[in-house]
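Listed below, chain by chain, are the residues.
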There are 2 protein chains.
Amino acid sequence: MSISNLHNALVEELRDILNGEKQITRALKQMAKNANSEELAAAFEEHLEQTEGQVERLEKAFEALDLKPRGKHCAGIEGLIEEGKKLLEEEAEPEVLDAMLIAAAQKVEHYEIAAYGTLCTWADMLGLEEVARLLKETLAEEKETDEKLTELASQINVEAQSAG
Amino acid sequence: MSISNLHNALVEELRDILNGEKQITRALKQMAKNANSEELAAAFEEHLEQTEGQVERLEKAFEALDLKPRGKHCAGIEGLIEEGKKLLEEEAEPEVLDAMLIAAAQKVEHYEIAAYGTLCTWADMLGLEEVARLLKETLAEEKETDEKLTELASQINVEAQSAG
């Protein structure tokens, strides 16, 4: 497919993030399992459910565009997840690992904030009201999750500092 | 090395971003060369110079910690850059490619905002004043660059919309 207009660019970016969200779903399960703090594990599990809802929203956006929800390998999210996986291989104090897991998760959130930010702008420009509505809901959720992680970090960082 | 405390976590994250910034330097050269809009090419070149300054700041941070500035492969940035490179292989209208290059660049900016955000918090907690000062300067620059890209996008998206 040649990307000849902004509508095509939007579809490409939707395919990228659809695949990305699915990769994130699998990664969040791993992160929840490896978190030391119960609160952090619960936050990852909660975000996992949210992510499943975000996948559904993306599928609805494809439907609104009369397209099949077909993903396309997202190298960006793959790299971010690989970075998180490497963390789990490190020999780290549990509390310090938690602080680093939050840092890794916030990188993923920021990827999504950038991706959905672009998508919302493009959908608005193209007058795709239903698509824009769906994407804006997810963008708001991603920003909220990032803030929640910052809040959680303020407590977990203190535990990490007194560890070791 | 085992990551037994928050200080070690900070050093690991500094090594990650040092390698990441160097990867970004090389990528920005490519992006500037492939941008269709002169203004966008100039923005990438300007950010390239800025990134070189950010590498120097990181080297000073290592110095302040009495460590050699040694990077560690940053898989996150590698994935983001790979995503950008794939764009360049697509058959795309030049104006649409520009809009997509901005989207790719904003994902990189957001990675850095997340990474430096964590680093600044940790440096403050650890009482590393000089390190925190250096990192905060860079964090402010990254946020500014992200805003500049959003501004530039508002014009380039319009060109992309009327292309094709």
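Quick caveat: nothing in here was measured; it's all calculated off a predicted structure.

Reading the values: rules and limits
- Residues numbered from 1 in each chain as written.
- Chains lettered and ligands numbered in written order.
- Predicted model: local features only at pLDDT ≥ 70, side-chain atom pairs only at ≥ 80, totals over all residues.
- Heavy atoms only, no water.
- Axes fitted to C-alpha atoms, helices over the stretch in contact; angles between N-to-C directions.
- Helix = DSSP H or I, 4+ residues; strand = E, 2+ residues; numbered from the N terminus.
- Parallel < 35°, antiparallel > 145°, perpendicular 65-115°, else oblique.
- Left-handed = near helix turned anticlockwise from the far one by under 90°.
- Contact = heavy atoms within 4.5 Å.
- Nonpolar A, V, L, I, M, F, W, Y, C, P; charged D, E, K, R; others polar.
- Least-squares fit on C-alpha atoms with pLDDT ≥ 70 in both.
- Buried area = accessible area lost by both parts, 1.4 Å probe.
- Salt bridge = Lys/Arg side-chain N within 4 Å of Asp/Glu carboxyl O.
- Polar contact = N/O pair within 3.5 Å; in protein donor to acceptor, adjacent residues only side chain to side chain.
- Patch = residues over 30% accessible without salt bridge, like charges linked within 9 Å, V, L, I, M, F, W, Y side chains within 5 Å.
- Areas by Shrake-Rupley, 256 points an atom, 1.4 Å probe, with all protein chains shown as cover.
- Lys, Arg positive; Asp, Glu negative; His and termini not counted.
- Charge placed at Lys NZ, Arg CZ, Asp CG, Glu CD.
- Buried < 20%, exposed > 50% of the residue type's maximum accessible area, 1.4 Å probe, protein only.
- pLDDT = per-residue confidence, 0-100.
- Expected span 1.5 Å × (residues − 1).

Participant: I'd like a rundown of the packing of helix H1 (residues 6-34) of chain A against helix H4 (residues 94-125) of chain A, residues and numbers included.
Facilitator: All names here are of chain A. Between H1 and H4, the shortest axis-to-axis distance is 10 Å and the interhelical angle comes to 160 degrees. Classified by the interaxial angle, the pair formed by H1 and H4 is roughly antiparallel. The hand of the H1/H4 crossing is left-handed. On H4, the residues touching Leu-6, Ala-9, Leu-10, Glu-13, Leu-14, Asp-16, Ile-17, Glu-21, Ile-24, Met-31 and Asn-34 of H1 are Leu-97, Leu-101, Ala-105, Val-108, Tyr-111, Glu-112, Ala-115, Tyr-116, Leu-119, Trp-122, Ala-123 and Met-125. Considering only residue class, the contact of H1 with H4 consists of 18 nonpolar, one polar and four charged.

Participant: Before we move on, can you summarise the relation of the copies chain A and chain B with the specific residues and values?
Facilitator: Superposing chain A onto chain B takes a rotation of 180 degrees plus a shift of 0.0 Å along the axis, which leaves an RMSD of 0.0 Å. Taken together, the rotation and translation describe the operation of a two-fold axis. For chain A, the minimum C-alpha distance to the rotation axis belongs to A:Gly79 and amounts to 2.1 Å. Comparing interface residues between copies, 100% of those in chain A also sit at the interface in chain B, which points to an isologous, same-surface contact.

Participant: Let's hear about the interface of chain A and chain B: which residues, and what values?
Facilitator: Residue-level contacts link 47 residues of chain A with 47 residues of chain B. Summed over both partners, the interface of chain A with chain B buries about 3,500 Å², with 60% contributed by carbon and sulfur atoms. Summed over the shared surface of chain A and chain B, the result is four salt bridges. Of the charged contacts in the structure, one is a salt bridge between B:Asp16 and A:Lys107, with a shortest N-O distance of 3.8 Å. Taken together, the connections running from chain A to chain B amount to 17 residue pairs in polar contact (both at pLDDT 80 or more).

Participant: Give a detailed account of a positive patch on the surface, specifying residues and quantitative values.
Facilitator: All names here are of chain A. On the surface, a cluster of positive charge is made up of Lys-22, Arg-26, Lys-29 and Lys-85. Considering each element in turn, the positive patch owes the most residues, three residues, to H1. Here Lys-85 shows up in helix H3 (residues 75-89).

Participant: For a negative patch on the surface, give the residues involved together with the corresponding values.
Facilitator: Residue and element names in this part refer to chain B. There is a patch of like negative charges on the surface, built from Glu-45, Glu-49, Glu-52, Glu-56, Glu-59, Glu-63 and Asp-66. Among the secondary structure elements, Glu-56 is positioned in helix H2 (residues 38-64). Relative accessible area serves as the criterion here: at 48%, Glu-56 is assigned to the partly exposed category.

Participant: How would you explain the confidence of the model for chain A if you had to name every residue and give the values?
Facilitator: In low-pLDDT regions, the fine details of the predicted coordinates are not to be read closely. With 99% of its residues at a pLDDT of 70 or more, chain A shows a mean pLDDT of 96. This complex was scored by the predictor with a pTM of 0.96 and an ipTM of 0.95.

Participant: Go over H1(A), please, and point to the residues and values.
Facilitator: Its 29 residues place the ends of H1(A) 41 Å apart at the C-alpha level, agreeing with the 42 Å of an ideal helix rising 1.5 Å per residue. Extensive coverage of H1(A) is indicated by the burial of 21 of its 29 residues.

Participant: Talk me through the packing of helix H5 (residues 129-161) of chain A against helix H4 (residues 94-125) of chain B; I want residue IDs and the actual numbers.
Facilitator: Two quantities define a packed helix pair, namely the angle between the helix axes and the distance between the axes. Remark: H5(A) packs on H4(B), axes separated minimally by 11 Å, with the N-to-C direction vectors making an angle of 50 degrees. The pairing of H5(A) with H4(B) is recorded here as oblique in orientation. As for how H5(A) packs across H4(B), the hand of that crossing is right-handed. Contacts between H5(A) and H4(B) involve A:Asn157, A:Val158 and A:Gln161 on the former and, on the latter, B:Thr121, B:Trp122 and B:Met125.

Participant: Would you mind going over H4(B) in detail, with residue names and values included?
Facilitator: Residues and elements named next belong to chain B. With 32 residues, H4 should reach 46 Å at 1.5 Å per residue; the first-to-last C-alpha distance of 47 Å fits that figure. Counting buried residues along H4, 26 of its 32 residues qualify, which places the element largely inside the surrounding structure. Backbone geometry just after H4 places Gly-127 at a positive phi near 70 degrees.

Participant: Pulling in residues and values, what's your account of the side chain of A:Asp16?
Facilitator: In this fold, A:Asp16 is placed in helix H1. Among residues more than four places away in sequence, those in contact with A:Asp16 are A:Lys72, A:His73, A:Cys74, A:Tyr111, B:Glu83 and B:Lys107.

Participant: I'd love a proper account of unusual backbone geometry, names of residues and values included.
Facilitator: Residues and elements named next belong to chain A. Although it is not a glycine, Asp-66 sits at a positive phi angle of roughly 60 degrees. Tracing the sequence through the fold places Asp-66 in the loop between helix H2 (38-64) and H3. Residue Asp-66 is classed as exposed on the basis of its relative accessible area, which comes to 74%.

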